[in-house]
Amino acid sequence: MNEDILLIRGAHVMAPEDIGVRDVLVACGRIVAIEPGIRPSGIGFTTIEAQGRYLVPGLVDSLVHISGGGGEGGFATRTPPLIANAAFAAGVTTVIGALGTDDVTRNHADLLGTARALRSQGLSAYALTGSYRVPVRTLTGSVRDDLVLIPEFLGVGEVAVADHRGSQPTVPELARIGGDALAGGLLAGKSGTVLVHMGDHASGLSPLMAASSEFAVPIRQWLPTHVNRQQRLLDQGIEWARLGGRIDLTTSTTPELIAAGDLPAAAALAQLFRADVPASQVSMSSDGQASLPVFDANGRFKGLDVAPISSLIRDVQVAVREFRLPFTDVLATVTSTPAECWHLPQKGRIRVGADADLLLLDHDSLEITHTIAAGVSRDVFERRAVVQP
Ligand code: ZN
């Protein structure tokens, strides 16, 4: 049995567009054929019988604190790094790693080392330069140099805007980050996208809108995230999308955050689709390994929990099964749209020549039954054991 060549037979392929029932042949990490009735001859291969299941692209998660995050309640509340198997269990095969609020004890060297460790385990891990604070922290001293010289850096982030934990950047400061990211991205053939952490302050997206109207930074350079943290910000996000901008929704949340106004990502996505925001301008990310506040029965702060990367597939399931949103559009927000946003043409789509990052999902529950990352089938039992609640 040759495990480098994999034949996935009879799955309903969502690429993310619906291309019907097909066989998919994978060889040495790439998709090499998508046709009905593929029968390789003269070579050994492994077969996965996938009748009655969906085959979808592996998920692309635009924000995971891969080297750990948190620390917002003191050192005891730091969160641990991401484990590759937790990502596979959650159907995530590509992650974009970023620093979080703590850009003092956490740094880019550690972030890059973590990304490289995850890569060695088959997870396609990338990273962002920059930081919450402005002027942003970098590895070499400048955003532009980092993007040109460090292969794993795809863009900048999280830069905090409208948040009490940020350093309250001015519009020209934001424009300079956007401009350097754009130029570095052009030189390196990358997107140079700036992932912006949106806080609760009423100014919301206004500084970013100003940075793109008053300066020569296209609106597509920015990817504001946590846009579902309150209704007012989501309404502004619809306006932003009408101007051509992309927005990112965060899937990890808690009942307490929802009670305080946070909109579950699937509910926010339903609103966006109703407002005719196309799936090509909306992505969802998990904010995995971030810290989430936990309260006791009396509403007293008990401590911090770790945001699960598995929240991404859960919101896909909720959006399709409970909100009845079109499966292809929901899938696009966690596959093709983030892949385009970060300029990763090998990711987020099932097509010949693309990386073989694939998921098999149960046709009804949309539960993951199989994760294939970099052409290698990841064991289902191992995955179940490490999935975080
Ligand atoms: Zn954030």
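Criteria and thresholds
Residues numbered from 1 in each chain as written. Predicted model: local features only at pLDDT ≥ 70, side-chain atom pairs only at ≥ 80, totals over all residues. Heavy atoms only, no water. Pairing = 2+ DSSP bridges. Helix = DSSP H or I, 4+ residues; strand = E, 2+ residues; numbered from the N terminus. Axes fitted to C-alpha atoms, helices over the stretch in contact; angles between N-to-C directions. Contact = heavy atoms within 4.5 Å. Donors = N, O, S within 2.8 Å, 3.2 Å for Na, K, Ca; no water. Buried < 20%, exposed > 50% of the residue type's maximum accessible area, 1.4 Å probe, protein only. Salt bridge = Lys/Arg side-chain N within 4 Å of Asp/Glu carboxyl O. pLDDT = per-residue confidence, 0-100. Parallel < 35°, antiparallel > 145°, perpendicular 65-115°, else oblique. Left-handed = near helix turned anticlockwise from the far one by under 90°. Nonpolar A, V, L, I, M, F, W, Y, C, P; charged D, E, K, R; others polar. 1 Å grid on protein atoms, 1.4 Å probe; cavity = no way out; pocket = protein on both sides within 12 Å on 5 of 7 lines; lining within 4 Å. Points joined across faces, edges and corners; volume = space filled by probe spheres on them. Patch = residues over 30% accessible without salt bridge, like charges linked within 9 Å, V, L, I, M, F, W, Y side chains within 5 Å. Areas by Shrake-Rupley, 256 points an atom, 1.4 Å probe, with all protein chains shown as cover.

A.B. asks: So what's going on with the sheet that holds strand β11 (residues 222-225)? Residues and values would help.
C.D. replies: One open sheet holds the six strands; their spatial order is β6-β7-β8-β9-β10-β11, and the pairing between them is parallel. Each having just a single partner strand, β6 (59-64) and β11 make up the two edges of the open sheet. On average, adjacent strands in this sheet sit at an angle of 30° to one another, irrespective of strand direction. Relative to strand β8 (residues 124-129), helix α2 (residues 108-120) is tilted by about 170°, and along the sheet it contacts β7 (92-97), β8 and β9 (153-161).

A.B. asks: Help me get a handle on the coordination of the zinc ion, residues and values and all.
C.D. replies: Protein coordination of the zinc ion is provided by Glu-158 (OE), His-197 (ND1) and His-226 (NE2), with donor distances spanning 1.8 to 2.1 Å. Judged by its relative accessible area of 7%, His-226 falls in the buried class.

A.B. asks: I'd like to hear about the pattern of salt bridges, residue by residue, with values.
C.D. replies: Counted according to the given criterion, the structure contains 16 salt bridges. For Glu-72, the salt bridge identified is with Arg-165, shortest N-O distance 2.6 Å. In this pair, Glu-72 sits in the loop between β6 and α1 (84-89) while Arg-165 sits in the loop between β9 and α4 (171-188), placing the two residues 93 residues apart along the sequence. Using a relative accessible area of 27% as the deciding quantity, one classes Arg-165 as partly exposed. For Arg-78, the salt bridge goes to Asp-102, with nearest N and O atoms at 3.5 Å. Of this pair, Arg-78 sits in the loop between β6 and α1 while Asp-102 sits in the loop between β7 and α2, placing them 24 residues apart in sequence. Arg-78 gets classed as partly exposed once you look at its relative accessible area, which sits at 34%. The structure contains a network of salt bridges with shared partners spanning Arg-30, Lys-347, Asp-355 and Asp-357.

A.B. asks: Describe the confidence of the model for the protein chain, listing the residues and the values that go with them.
C.D. replies: Counting all residues, the mean pLDDT for the protein chain is 94, and 97% of those residues have values of 70 or more. Counting interchain partners and residues more than four positions distant, the pLDDT-below-50 stretch residues 380-389 has 21 contacts.

A.B. asks: Lay out the pairing of strand β12 (residues 247-250) in plain terms, naming residues and giving numbers.
C.D. replies: Because side chains alternate across β12, one face comprises the buried residues Ile-247 and Leu-249, and the other comprises Asp-248 and Thr-250, equally buried. As judged from the four bridges shared by β12 and strand β13 (residues 282-285), these two strands associate in the parallel manner. Note on β13: the bridge partner recorded for Asp-248 is Ser-283.

A.B. asks: Lay out the packing of helix α8 (residues 265-274) against helix α9 (residues 311-321) in plain terms, naming residues and giving numbers.
C.D. replies: It is the contact of α8 with α9, at a shortest axis distance of 8 Å, that shows an interaxial angle of 50°. Relative to α9, α8 is oriented oblique. As for how α8 packs across α9, the hand of that crossing is right-handed. In contact with Ala-265, Ala-266 and Leu-269 of α8, α9 contributes Asp-315, Val-318 and Ala-319. By residue class, the composition of the contact of α8 with α9 is five nonpolar, no polar and one charged.

A.B. asks: So what's going on with the layout of surface pockets? Which residues, and what values?
C.D. replies: As a volume, the largest pocket reaches approximately 740 Å³. Lining the largest pocket are 30 residues, and of these Arg-165, Arg-229, Leu-257, Ser-291 and Pro-293 lie nearest its centre. Elements with a contribution of two residues or more to the lining of the largest pocket: β14 (291-295) and β15 (301-306). Sorting elements by how many residues they give to the lining of the largest pocket places β14 first, with three residues. Here the lining of the largest pocket is composed, by residue class, of eight nonpolar, 15 polar and seven charged.

A.B. asks: Please set out a nonpolar patch on the surface residue by residue, giving values where relevant.
C.D. replies: On the surface, a cluster of nonpolar side chains totalling about 300 Å² of accessible area is made up of Val-148, Leu-149 and Leu-187. Here Val-148 lies in helix α3 (residues 143-149). Val-148 gets classed as partly exposed once you look at its relative accessible area, which sits at 36%.

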